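So the chains spell out like this:
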Amino acid sequence: MLGILIAVLSGILMSVQGVFNTNVTEHSSLWVANTWVQMTALAVCLAFWGAADRTSFALLFEFRPKYVLLGGVIGAFITLTVVKSMDIMGPAQAVLFIVIAQMISAYIIELAGLFGTQKADWSMQKLIGMAVAIAGVVLFQWERSA
């Protein structure tokens, strides 16, 4: 249950952040807004690290495989693409496509056991769930274009 609540909070925060970042972009530029987002995220993370963690950053240099350290780079492009998609399509439509893309790509990662994840078995229920979600996006689009 806790995992579901945290996931719901994450979805809410991502939607609100996307709207906030899109507004900042309208008054500056895409790269200025993205830089601001990443800098403020760094400041918050460093504050929490200093107050609660203090694990050595040197451990990062021992980590294998090194490619998983690119999460921050990917995060910059996540911010960029969320802002751009919300600006073009609006928050609700953009989030629908983002969530569907996340669901499909996460399932492919699980099925193939990519990036060190535990390989999952094929599931007809998950396929049907994705099909229902995609049908929901189609219905949402159909209603918007009518």
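Residues numbered from 1 in each chain as written. Predicted model: local features only at pLDDT ≥ 70, side-chain atom pairs only at ≥ 80, totals over all residues. Heavy atoms only, no water.

Draft legend 1. Seen up close, the confidence of the model for the chain. Of all residues in the chain, 97% have pLDDT values of 70 or greater, and the mean over the chain is 90. Confidence scores differ between elements of the chain, with helix α6 (residues 124-145) showing the lowest mean pLDDT of 83 and helix α2 (residues 30-53) the highest of 95. (pLDDT = per-residue confidence, 0-100. Helix = DSSP H or I, 4+ residues; strand = E, 2+ residues; numbered from the N terminus.)

Draft legend 2. Expanded view of the packing of aromatic side chains. What the rule picks out here adds up to four aromatic pairs. Ring centres of Trp31 and Phe77 lie 6.5 Å apart, and the angle between their planes is 85°; on these two criteria the pair is classed as edge-to-face. Taken together, the residues span a long stretch of sequence, with Trp31 in helix α2 and Phe77 in helix α4 (residues 71-89) at a distance of 46 residues. Taking relative accessible area as the criterion, Phe77 reaches 45% and is therefore assigned partly exposed. Between Trp49 and Phe57 the ring centres are 5.1 Å apart and the planes differ by 55°, which places this aromatic pair in the tilted class. (Phe/Tyr/Trp six-rings, centres within 6.5 Å; stacked < 30°, edge-to-face > 60°. Buried < 20%, exposed > 50% of the residue type's maximum accessible area, 1.4 Å probe, protein only.)

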